[in-house]
2 protein chains.
Amino acid sequence: MKKSVFYHAGCPVCVSAEHDIINLIGQDHIEVVHLGEERDRIDAAEKAGVKSVPALITPNGNVLHINFGASLEDVKK
Amino acid sequence: MKKSVFYHAGCPVCVSAEHDIINLIGQDHIEVVHLGEERDRIDAAEKAGVKSVPALITPNGNVLHINFGASLEDVKK
């Protein structure tokens with residue numbers, strides 16, 4: 001199965017959501033990307049439709065914005 | 001495993017998120033509740049912390065607001 005991608009930026013809301021999503025979907029099915037540390041991936045996240053973090057991109061490319069930690073614009077700063 | 005509860009109100013954002021979440025977590029692990037039709041469950045959703053739909057309550061009681069379809073206040077109307 002193609003993996004989902006979980007984008008976050010290390011914020012408390014992100015960490016909490018990350019734990020929940022990993023518990024629900026399983027670690028093996030998710031690639032976790034910290035956009036604060038992997039800044040060269042911000043562009044791909046934006047193109048995938050991510051407006052804020054935490055966000056999950058499903059294997060079929062849909063974006064699920066989960067709660068609200070920070071806008072992508074703030075992550076870019 | 002205790003089931004997650006997916007609250008929605010039949011909106012397009014809700015239906016799309018429902019499909020995604022069922023694909024990710026599996027139908028057997030989720031109870032789907034349509035608050036527009038099961039209005040006697042709005043109160044429990046609110047007490048669980050749901051502010052908008054679609055929302056997923058994890059087995060440990062955390063609330064994941066997924067994208068934004070409608071506020072719970074609007075669902076009550």
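Here the structure is a predicted model, which is why all the values come from computation and not from measurement.

Caption draft 1: Focus on the state of the cysteines. All names here are of chain A. Scanning the model with the defined rule gives two disulfides over all chains in all. Here C11 engages in a disulfide with C14; their sulfurs sit 2.3 Å apart. Its S-S torsion of about 65 degrees marks the bond between C11 and C14 as right-handed, since a negative value means left-handed. Overall, the relative accessible area of 0% leaves C14 in the buried class.

Caption draft 2: Spotlight on the pairing of strand β2 (residues 30-34) of chain B. Residues and elements named next belong to chain B. Where strand β1 (residues 4-8) meets β2, five bridges bridge the pair, whose relative direction is parallel. Across the sheet, the residue bridging to F6 is V32, located in β2. Crossover β1 to β2 through helix α1 (residues 12-25) is right-handed.

Caption draft 3: Expanded view of the interface of chain B and chain A. Taken together, the contact pairs 17 residues of chain B with 17 residues of chain A. For the pairing of chain B and chain A, the buried interface totals around 1300 Å² over both sides, and the portion due to carbon and sulfur atoms is 56%. Together, B:D20, B:L24 and B:L64 form the three largest contributors to the area buried by chain B at its contact with chain A, with a combined 43%. Summed over the shared surface of chain B and chain A, the number is zero salt bridges. At the boundary of chain B and chain A, one finds six residue pairs in polar contact (both at pLDDT 80 or more). Among the elements of the structure, α1 and β4 (63-71) of chain B are those that each provide at least two residues to the side of chain B that touches chain A. Take the side of chain B that touches chain A: its biggest share by element is six residues, from α1(B). For the side of chain B that touches chain A, a count of residues per class yields nine nonpolar, seven polar and one charged.

Quick notes on the rules
- Each chain carries its own residue numbering, running from 1 in the written order of its sequence.
- Each chain is given a letter, starting from A, and each ligand a number, starting from 1, according to the order in which they appear as written.
- Totals for whole chains, interfaces and linings use every residue, but because this is a predicted model, local features are given only for residues with pLDDT of at least 70 and side-chain atom pairs only at 80 or more, for both listing and counting.
- Each side-chain value is derived from all of the structure's non-hydrogen atoms; neither hydrogens nor water enter the calculation.
- Disulfides are defined as pairs of cysteine sulfur atoms found within 2.5 Å of each other.
- Exposure is judged per residue with a 1.4 Å probe applied to protein chains only, and the accessible area is read against the type maximum: over 50% gives exposed, under 20% gives buried, and values in between give partly exposed.
- In short, DSSP must find at least two bridges between two strands for them to pair.
- Note on conventions: DSSP H or I runs of at least 4 residues are helices, E runs of at least 2 residues are strands, and numbering of each starts at the N terminus.
- Whether a crossover is right-handed comes down to one check: with the strands pointing away from the viewer, does the path from the first strand over the helix to the second run clockwise; if it does, it is right-handed.
- In what follows, residue pairs with any heavy atoms lying within 4.5 Å of each other are defined as contacts.
- Buried area counts how much accessible surface, traced with a 1.4 Å probe, disappears from two parts once they are put together, with both parts' losses summed.
- Here, a salt bridge means any Lys or Arg side-chain nitrogen found within 4 Å of an Asp or Glu carboxyl oxygen.
- Polar contacts, as used here, are pairs of N or O atoms within 3.5 Å; protein pairs need one atom able to donate a hydrogen and one able to accept it. Residues neighboring in sequence count only if both atoms are side-chain atoms.
- Following the grouping adopted for this structure description, the nonpolar residues are Ala, Val, Leu, Ile, Met, Phe, Trp, Tyr, Cys and Pro, the charged ones are Asp, Glu, Lys and Arg, and the polar ones are all others, Gly among them.

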